[in-house]
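Read off the chains here:
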Amino acid sequence: MEKLKFAVLGTGFWAQFQVGAWGEIPEVELVALYNRTRSKAQALAERFQVSNIYNDATELFAKERLDFVDIITDVDTHFKFVEMAADAGIKHIICQKPMAPDWETAKRMVEKCRQKGASLYIHENFRWQAPLRRFKEIMDSGIIGRPFKARVSFLSNFPVFDNQPFLKELPHFILTDMGSHVLDICRYLFGEASKLWCQTRTMNPGIQGEDVAVVMMEMANGMPLYTEMSYASMVEHDMFSTVNVLVEGEKGTIALGPGNSFEIRTTTTRGTSLEKVEFPSYGWADPNYIVNHESGIHVNRDILNAMIQKGKAETTGEDNLETVRLVWASYESAKRGEMIYLKNFG
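**As for the state of the cysteines**
Line of reasoning, step 1. All told, the structure shown has zero disulfides when counted by the stated rule.
Line of reasoning, step 2. Cysteine Cys-186 is unpaired, with the sulfur of Cys-198 as its nearest cysteine sulfur at 12 Å.

**Re unusual backbone geometry**
Line of reasoning, step 1. With an omega of -10°, the peptide bond between Lys-97 and Pro-98 qualifies as cis.
Line of reasoning, step 2. A positive phi is found at Gln-309, a non-glycine position, where the angle reads about 60°.
Line of reasoning, step 3. Looking at the secondary structure, you find Gln-309 in the loop between helix 10 (290-307) and helix 11 (317-336).
Line of reasoning, step 4. Looking at Gln-309, the relative accessible area reads 74%, which means it is exposed.

**Focus on the nonpolar core**
In summary, soluble globular proteins display a tendency toward joint burial of nonpolar side chains.
Line of reasoning, step 1. Residues Ile-93, Phe-190 and Met-217 are the most contacted members of the largest nonpolar core, which totals 121 residues.
Line of reasoning, step 2. Looking at this core, the element that brings in the most residues is helix 10, giving eight residues.
Line of reasoning, step 3. Contacts of Met-217, omitting those with residues within four sequence positions, involve Leu-183, Cys-186, Ala-193, Lys-195, Leu-196, Met-223, Pro-224, Leu-225, Thr-227 and Leu-326.

**With respect to the pairing of strand 8 (residues 193-201)**
On a regular strand, one side chain projects to one face of the sheet and the next to the other, so that they alternate.
Line of reasoning, step 1. Both strand 8 and strand 9 (residues 212-219) contribute to a ladder of eight bridges, which runs antiparallel. Looking across to strand 9, one finds that Trp-197 is bridged to Met-216.
Line of reasoning, step 2. Two elements, strand 8 and strand 15 (residues 340-341), share two bridges in a ladder whose sense is antiparallel. Bridging across to strand 15, Lys-195 finds its partner in Tyr-341.

**Structural notes on a nonpolar patch on the surface**
Line of reasoning, step 1. Where nonpolar side chains cluster on the molecular surface, the patch consists of Trp-197, Met-216, Met-339 and Tyr-341 and spans about 370 Å² of accessible area.
Line of reasoning, step 2. By secondary structure assignment, the location of Met-216 is in strand 9.

**As for helix 11**
Line of reasoning, step 1. Here helix 11 spans 28 Å end to end across 20 residues, near enough to the 28 Å set by a 1.5 Å rise per residue.
Line of reasoning, step 2. Downstream of helix 11 by one or two residues, Gly-337 has phi in the positive range, about 70°.

**Focus: the pairing of strand 4 (residues 68-71)**
Line of reasoning, step 1. Neither face of strand 4 is left uncovered, since the one carrying Phe-68 and Asp-70 and the one carrying Val-69 and Ile-71 both have all their residues buried.
Line of reasoning, step 2. Sheet analysis places strand 1 (residues 4-9) next to strand 4, joined by four bridges and oriented parallel. Within the sheet, the bridge partner assigned to Ala-7 lies in strand 4 and is Val-69.
Line of reasoning, step 3. With three bridges joining them, strand 4 and strand 5 (residues 92-96) adopt parallel strand pairing. Its bridge partner being in strand 5, Asp-70 is matched across the sheet by Ile-94.

**A few points about the pattern of salt bridges**
Line of reasoning, step 1. Per the counting criterion, the structure on display carries 26 salt bridges.
Line of reasoning, step 2. A salt bridge links Glu-2 to Lys-5; the nearest nitrogen and oxygen atoms lie 4.0 Å apart.
Line of reasoning, step 3. Look at Glu-2 and you get exposed, because its relative accessible area is 65%.
Line of reasoning, step 4. One salt bridge in this structure joins Arg-133 and Glu-314, with 2.7 Å as the shortest N-O distance. With Arg-133 in helix 6 (residues 130-140) and Glu-314 in the loop between helix 10 and helix 11, the pair connects residues that are 181 residues apart, well separated along the chain.
Line of reasoning, step 5. Via salt bridges that share partners, Arg-127, Arg-133, Asp-184, Arg-187, Glu-192, Glu-314 and Asp-319 belong to a single interconnected network.

**Here we look at the environment of Glu-248**
Line of reasoning, step 1. One can find Glu-248 in strand 11 (residues 244-249).
Line of reasoning, step 2. Leave out the neighbours within four places in its chain, and Glu-248 touches Ile-144, Arg-146, Pro-147, Phe-148, Lys-149 and Thr-253.
Line of reasoning, step 3. At a separation of 2.4 Å, a polar atom in the side chain of Glu-248 contacts the side chain of Lys-149.

**Notes on empty space enclosed by the protein**
Line of reasoning, step 1. The full count for this structure, using the stated rule, is one cavity of 30 Å³ or more.
Line of reasoning, step 2. The volume enclosed by the largest cavity comes to roughly 80 Å³.
Line of reasoning, step 3. Considering each element in turn, the lining of the largest cavity owes the most residues, five residues, to helix 11.
Line of reasoning, step 4. Here the lining of the largest cavity is built from residues that sort into six nonpolar, four polar and two charged.

**Here we look at the sheet that holds strand 9**
Line of reasoning, step 1. Spatially, the nine strands line up as an open sheet ordered 14-13-12-11-7-10-9-8-15, and their pairing is mixed. The sheet is open, and its two edges are formed by strand 14 (271-276) and strand 15, each paired on a single side.
Line of reasoning, step 2. Relative to strand 10 (residues 224-230), strand 9 runs antiparallel, the two sharing seven bridges. Each bridged residue has a counterpart across the sheet, and for Met-216 the counterpart in strand 10 is Tyr-226.
Line of reasoning, step 3. Sheet strands touched by helix 6: strand 7 (147-155), strand 11, strand 12 (252-256), strand 13 (263-268) and strand 14. Its angle to strand 12, the strand with the most contacts, is close to 175°.

Analysis parameters
- Residues numbered from 1 in each chain as written.
- Predicted model: local features only at pLDDT ≥ 70, side-chain atom pairs only at ≥ 80, totals over all residues.
- Heavy atoms only, no water.
- Disulfide = S-S within 2.5 Å.
- Helix = DSSP H or I, 4+ residues; strand = E, 2+ residues; numbered from the N terminus.
- Buried < 20%, exposed > 50% of the residue type's maximum accessible area, 1.4 Å probe, protein only.
- Core = buried A, V, L, I, M, F, W, Y, C linked by side-chain atoms within 4.5 Å.
- Contact = heavy atoms within 4.5 Å.
- Pairing = 2+ DSSP bridges.
- Patch = residues over 30% accessible without salt bridge, like charges linked within 9 Å, V, L, I, M, F, W, Y side chains within 5 Å.
- Areas by Shrake-Rupley, 256 points an atom, 1.4 Å probe, with all protein chains shown as cover.
- Salt bridge = Lys/Arg side-chain N within 4 Å of Asp/Glu carboxyl O.
- Expected span 1.5 Å × (residues − 1).
- Polar contact = N/O pair within 3.5 Å; in protein donor to acceptor, adjacent residues only side chain to side chain.
- 1 Å grid on protein atoms, 1.4 Å probe; cavity = no way out; pocket = protein on both sides within 12 Å on 5 of 7 lines; lining within 4 Å.
- Points joined across faces, edges and corners; volume = space filled by probe spheres on them.
- Nonpolar A, V, L, I, M, F, W, Y, C, P; charged D, E, K, R; others polar.
- Axes fitted to C-alpha atoms, helices over the stretch in contact; angles between N-to-C directions.

See below:
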């Protein structure tokens, strides 16, 4: 098959890992990079041997013949570039998470692509982390019986603002930044929620948004699910770039963690078994954060399979809209101090 040609819009910090992940998929070819600061696009182009560089997205869409685009810009520009791509006739559009800066804009993005006959995909990679995929396989095997309670945790003191200083200025932070991942993982593992309650706090005096959030959900099957997210937590086993999970079932428990150990412990009446998930190495990926960087290959492959009609992508715009619903319902709950019934939200 002829390689699918694509462009990347945005060459900030995360783009190097996204481009590196695409480089592991031989069926695609990166032909152009856009960034408003041309020198940043130039640097990434030299590193990954990309021929065409633009600091004008309109010019890029006019000159390049593209099968798809991958948008890796700041969240406030996502709708703008999705709209430009759809209007330019691009039929497959990938957008970095979080999908949009607010709930209404996310809905507009999905509707815009629907009207233009374009497929929208969200680059939600955490659910594709190898330990989480294996965790779900074990849980779905039935070894612990029917789950009746679960906890999903992200606790870290990593200096995330050093690499991405713009995060300091966001009026909404951890629920949009990490909550997009954590709440999507909850949906991946346990299905949809029926109601939630949320509380947030800001511990870092140098940021605008919240850096601590707790979300308590009741899932559609009645199971309680506790989620916690924090960039203010000094813990023994820091969880930066991944999550820890504990699921309790009628016949046992499964635990992922602690920290970045990538160990899965399954406990039943027969005792506890331990499985450690291992990763290959890649020149473009940081071995300290391989769980996150390597997952980009798998989400990209899943999206590509949908483009070439070999399956349906997990993280379509329509599907991710339900994760966005959880994020903004959580903000509404924290604001009002009330339980939110999701069927009545949005």
